[in-house]
There are 2 protein chains.
Amino acid sequence: LLSRRPTVLAMSTTDQSYWSSIHADIETHLKQAIPIRPPLVVFEPMHHLTFIAPQTSAPALCIAACELVGGHRDQAMAAASALRLMHASASTHENLPLTDRPNTRQTVYHTFGPNIELLIADGMISFGFELLAQTNDPDQNNSVRVLQAIIEISRAMGSQGVMEGQYNESQYGESDGEKLFPAAWLHNVCKKKEGALHSCAGACGAILGGGSEEEIEKLRRYGLYVGMIQGIFNRFERNEWSWKEVNELRELALKELKDFNQAKVKTISRLVETKLCNV
Amino acid sequence: LLSRRPTVLAMSTTDQSYWSSIHADIETHLKQAIPIRPPLVVFEPMHHLTFIAPQTSAPALCIAACELVGGHRDQAMAAASALRLMHASASTHENLPLTDRPNTRQTVYHTFGPNIELLIADGMISFGFELLAQTNDPDQNNSVRVLQAIIEISRAMGSQGVMEGQYNESQYGESDGEKLFPAAWLHNVCKKKEGALHSCAGACGAILGGGSEEEIEKLRRYGLYVGMIQGIFNRFERNEWSWKEVNELRELALKELKDFNQAKVKTISRLVETKLCNV
């Protein structure tokens, strides 16, 4: 499952305060966007499910990518919040007890009951798009960029990403047991789940920050590698094989950053500095 | 549940061919938008679940509202398709067998299994937004209108509509049994489910067709009444009480149409001509 074990980054104080400030800003934005207000049957569980879900670094990457291309944090805040909502929704639905899911985690406590969690997580997908669409601002003339970000997120969550990864991940657990280790399966799941989410985050941040086509594509690929590294470490023990895979992905990731402002790159590249990833 | 019993409209040949042509155009558009293509694990069930779901008149209302304010059918086609996808997704999720849903319809056959139906219906929500966001066209300068329609649909499906109605509907079945008839409950469910969906459809059609603020609000309210009438007839037998309710709603609905082009009104008003609603 997505981000079962949260990645904790140990880094320099400057870098740490950069990422901490991003996380804090997203948290504040989301708390304002989802206050506990009427109808309580909607907003109470939505608030709960959003903040209880496992975290992902995709929203923070979205902000960092926006700032890397010279944009302002506010420009990517709604997209980052939408990504967090979508991820929380996907996590909630992954843990629902369905009749054909023998492997659903028994340890997950369903505070509001599966029926409400199913419906509210549906609403969280739409609510994420609502937050993003609302940032349309005639003064900024940003409507085309906002629509591009909506397409990126809808593809990553819908037809071309996370959903396919979730399905493939669930099939493995059911048919092959945990003993087998098919590298192709792992690659596919990491690429489609964490990979698609972070790839979309990088692209959205660059789009909303006003980046060029080239910058958008570089940060899209950077996000893909970041997500795949996290996906591998989320699912697989740290051994010779996984370090080799991760190091290859890290090289590819860093190559995408070489033409950006190197002072800013130092911070964003922390996401793939494997020695810093303490799971 | 939403549209358990489809509403069949009996009407004049001209009106009939108008609505038939709208339905056929939406069907064609959706078949092109969701071809059975790779990844098959995504598009095969998405195609199936979209076309097997109970129909709703909301997408057709969206097109009719667009044409009523002088817009072209194509301008509202993606929004109509998105509404159909969202409705199919909601229907799919309503019928999933969850551990705390003793009343789930046993007659629904889950062709692809509940796990896939859960994930794919999530993807259908995002895919609906993707279709709509993609209609952004610099030549038409329509990005702000498209974003407005995205906000309308996300609110109707998310924080302010269908989801709350689904929840309230499920609560009634569980706690009060079928014998009791609380009018307030019925009103609330019809308003939030069919009402919110049709209200959003009317508003979206008017927005995308270039309607004025006043036209948008009239068609939003018209849609609300259309949806509530359908909601009442979907859930309740035709007796003195329900006819009285429906007639009141019909009067309110027709009042919203009185300032539009009366030749066109004749057709769109068929949606509330109760004598024509043969369930």
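Residues numbered from 1 in each chain as written. Chains lettered and ligands numbered in written order. Predicted model: local features only at pLDDT ≥ 70, side-chain atom pairs only at ≥ 80, totals over all residues. Heavy atoms only, no water.

**A word on the overall build of chain A**
Here is step 1 of the chain: If you tally the helices and strands in chain A, you get eleven helices and two strands.
Here is step 2 of the chain: Across the 279 residues that make up chain A, the buried fraction comes to 59%.
Here is step 3 of the chain: Here chain A has roughly 11,100 Å² of accessible surface; of this, 52% comes from carbon and sulfur atoms. (Helix = DSSP H or I, 4+ residues; strand = E, 2+ residues; numbered from the N terminus. Buried < 20%, exposed > 50% of the residue type's maximum accessible area, 1.4 Å probe, protein only. Areas by Shrake-Rupley, 256 points an atom, 1.4 Å probe, with all protein chains shown as cover.)

**Things to note about the side chain of Asn95(B)**
Here is step 1 of the chain: Tracing the backbone through its elements, the reader meets Asn95(B) in the loop between helix H4 (73-94) and helix H5 (114-133).
Here is step 2 of the chain: Only 3.1 Å separates the side chain of Asn95(B) from the backbone oxygen of Ser91(B), close enough to count as a polar contact. (Polar contact = N/O pair within 3.5 Å; in protein donor to acceptor, adjacent residues only side chain to side chain.)

**Let's talk about the interface of chain A and chain B**
Here is step 1 of the chain: Contacts between the two partners involve 46 residues from chain A and, on the opposite side, 46 residues from chain B.
Here is step 2 of the chain: For Glu130(B), the salt bridge identified is with Arg155(A), shortest N-O distance 3.0 Å.
Here is step 3 of the chain: Where chain A meets chain B, there are five residue pairs in polar contact (both at pLDDT 80 or more).
Here is step 4 of the chain: Where the side of chain A that touches chain B is concerned, the elements lending two or more residues are helix H2 (40-52), helix H5 (114-133), helix H6 (143-157) and helix H7 (162-175) of chain A.
Here is step 5 of the chain: With 14 residues, the single largest contributor to the side of chain A that touches chain B is H5(A). (Contact = heavy atoms within 4.5 Å. Salt bridge = Lys/Arg side-chain N within 4 Å of Asp/Glu carboxyl O.)

**Here's the deal with the packing of aromatic side chains**
Here is step 1 of the chain: Scanning all chains against the criterion turns up nine aromatic pairs over all chains.
Here is step 2 of the chain: Ring geometry for Phe43(A) against Phe127(A): centres 6.1 Å apart, planes inclined by 75°, an arrangement best described as edge-to-face. Of this pair, Phe43(A) sits in helix H2 while Phe127(A) sits in helix H5; the two residues are 84 residues apart in sequence, bridging distant segments of the chain.
Here is step 3 of the chain: Of the residues examined, Phe43(A) reaches a relative accessible area of 0% and is grouped as buried.
Here is step 4 of the chain: When the ring of Phe233(B) is compared with that of Trp243(B), the centres are 5.3 Å apart and the planes differ by 70°; the resulting orientation is edge-to-face. Taken as a pair, Phe233(B) in helix H9 (residues 213-235) and Trp243(B) in helix H10 (residues 240-257) lie far apart in primary sequence, ten residues in all.
Here is step 5 of the chain: The partly exposed category is assigned to Trp243(B), whose relative accessible area is 29%.
Here is step 6 of the chain: Over the aromatic face of Phe51(B) sits the side chain of Lys31(B), whose NZ or CZ is 5.4 Å from the ring centroid.
Here is step 7 of the chain: It is Arg37(B) that lies over the ring of Phe43(B); its NZ or CZ is 4.0 Å from the centre. (Phe/Tyr/Trp six-rings, centres within 6.5 Å; stacked < 30°, edge-to-face > 60°. Lys NZ or Arg CZ within 6 Å of the ring centre and 35° of its normal.)

**Notes on the nonpolar core**
Here is step 1 of the chain: Within the largest apolar cluster, 171 residues are counted, with the highest numbers of intra-cluster contacts made by Ile153(A), Leu219(A), Tyr222(A), Ile153(B), Leu219(B) and Tyr222(B).
Here is step 2 of the chain: Membership of the second largest hydrophobic core comes to six residues, among which are Leu96(A), Leu98(A), Leu96(B) and Leu118(B). (Core = buried A, V, L, I, M, F, W, Y, C linked by side-chain atoms within 4.5 Å.)

**As for the packing of helix H3 (residues 58-68) of chain B against helix H8 (residues 183-208) of chain B**
All names here are of chain B.
Here is step 1 of the chain: Relative orientation of the contacting elements H3 and H8 amounts to 30°, with a least axis distance of 7 Å. It follows from the interaxial angle that H3 and H8 lie roughly parallel. Crossing hand, H3 versus H8: right-handed. Contacts from Ala-58, Leu-61, Cys-62, Ala-65 and Cys-66 in H3 reach Leu-197, His-198, Ala-201, Gly-202, Cys-204, Gly-205 and Ala-206 in H8.
Here is step 2 of the chain: Of the residues in the contact of H3 with H8, the class split is nine nonpolar, three polar and no charged. (Axes fitted to C-alpha atoms, helices over the stretch in contact; angles between N-to-C directions. Parallel < 35°, antiparallel > 145°, perpendicular 65-115°, else oblique. Left-handed = near helix turned anticlockwise from the far one by under 90°. Nonpolar A, V, L, I, M, F, W, Y, C, P; charged D, E, K, R; others polar.)

**Regarding the pattern of salt bridges**
Residue and element names in this part refer to chain B.
Here is step 1 of the chain: Counted according to the given criterion, the structure contains 36 salt bridges over all chains.
Here is step 2 of the chain: The salt bridge involving Arg-84 is made with Glu-27; its shortest N-O contact spans 2.9 Å. Of this pair, Arg-84 sits in helix H4 while Glu-27 sits in helix H1 (residues 13-33), and the two are 57 residues apart along the sequence.
Here is step 3 of the chain: Overall, the relative accessible area of 6% leaves Arg-84 in the buried class.

**Structural notes on unusual backbone geometry**
Residue and element names in this part refer to chain A.
Here is step 1 of the chain: Residue Pro-39 is bonded to the preceding Pro-38 through a cis peptide linkage, with omega at -5°.
Here is step 2 of the chain: Here Pro-39 shows up in the loop between helix H1 (13-33) and H2.
Here is step 3 of the chain: Located in the positive-phi region is Asn-141, a residue other than glycine, with phi close to 50°.
Here is step 4 of the chain: For Asn-141, a relative accessible area of 63% translates into the label exposed.

**Topic: the relation of the copies chain A and chain B**
Here is step 1 of the chain: The two copies are related by a screw motion: chain A maps onto chain B through a turn of 180° and a shift of 0.0 Å along the axis, at an RMSD of 0.0 Å. In the structure described here, the two chain copies are related by an operation that fits a two-fold rotation axis. The position closest to the rotation axis in chain A is occupied by the C-alpha of Leu98(A), lying 2.6 Å away.
Here is step 2 of the chain: Both copies contact each other with a shared surface, as 100% of the interface residues of chain A are interface residues in chain B too. (Least-squares fit on C-alpha atoms with pLDDT ≥ 70 in both.)

**Digging into the side chain of Ser126(A)**
Here is step 1 of the chain: Within the secondary structure, Ser126(A) sits in helix H5.
Here is step 2 of the chain: Note on Ser126(A): relative accessible area 1%, which makes it buried.
Here is step 3 of the chain: Sequence-distant contacts of Ser126(A), that is, excluding residues within four places in its chain, are made with Ile125(B), Phe129(B), Ser154(B), Met157(B) and Gly158(B).

**As for the environment of Thr267(A)**
All names here are of chain A.
Here is step 1 of the chain: Locating Thr-267 in the fold gives a position in helix H11 (residues 262-268).
Here is step 2 of the chain: Sequence separation of Thr-267 and Ala-64 is 203 residues, and the distance between their C-alpha atoms is 8.7 Å.
Here is step 3 of the chain: Sequence-distant contacts of Thr-267, that is, excluding residues within four places in its chain, are made with Asp-15, Tyr-18 and Trp-19.

**Digging into helix H3 (residues 58-68) of chain A**
All names here are of chain A.
Here is step 1 of the chain: Most of H3 sits out of view: eleven of its eleven residues are buried.
Here is step 2 of the chain: Where H3 is buried, its residues touch H1, helix H4 (73-94), helix H8 (183-208), helix H9 (213-235), helix H10 (240-257) and H11.
Here is step 3 of the chain: Positioned one or two residues after H3, Gly-70 has a phi angle of 95°, which is positive.

**Details of the confidence of the model for chain A**
Residue and element names in this part refer to chain A.
Here is step 1 of the chain: Across chain A, the average pLDDT comes to 87, with 88% of residues at 70 or higher.
Here is step 2 of the chain: For chain A, the element scoring lowest by mean pLDDT is strand S2 (residues 277-278), at 43; H3 scores highest, at 97.
Here is step 3 of the chain: Note that residues 1-9 has pLDDT below 50 and, in this model, 37 contacts with residues that lie over four places away or in other chains.
Here is step 4 of the chain: Below a pLDDT of 50 lies the segment residues 175-179, which in the model reaches two contacts outside its immediate sequence neighbourhood of four places, other chains included. (pLDDT = per-residue confidence, 0-100.)

**Things to note about the state of the cysteines**
Residues and elements named next belong to chain A.
Here is step 1 of the chain: Within this structure, the stated rule accounts for zero disulfides over all chains.
Here is step 2 of the chain: Cysteine Cys-200 shares no disulfide, and the gap to the nearest cysteine sulfur, in Cys-204, comes to 4.0 Å.
Here is step 3 of the chain: The class of Cys-200 is buried, set by a relative accessible area of 3%. (Disulfide = S-S within 2.5 Å.)

**Considering the packing of H3(B) against H4(B)**
Residue and element names in this part refer to chain B.
Here is step 1 of the chain: It is the contact of H3 with H4, at a shortest axis distance of 8 Å, that shows an interaxial angle of 160°. Between H3 and H4, the crossing angle belongs to the class labelled roughly antiparallel. The chirality of how H3 crosses H4 is right-handed. On H4, the residues touching Ala-58, Pro-59, Cys-62, Ile-63, Cys-66 and Glu-67 of H3 are Arg-73, Gln-75, Ala-76, Met-77, Ala-79, Ala-80, Leu-83 and Arg-84.
Here is step 2 of the chain: Along the lines of polarity and charge, the residues of the contact of H3 with H4 split into ten nonpolar, one polar and three charged.

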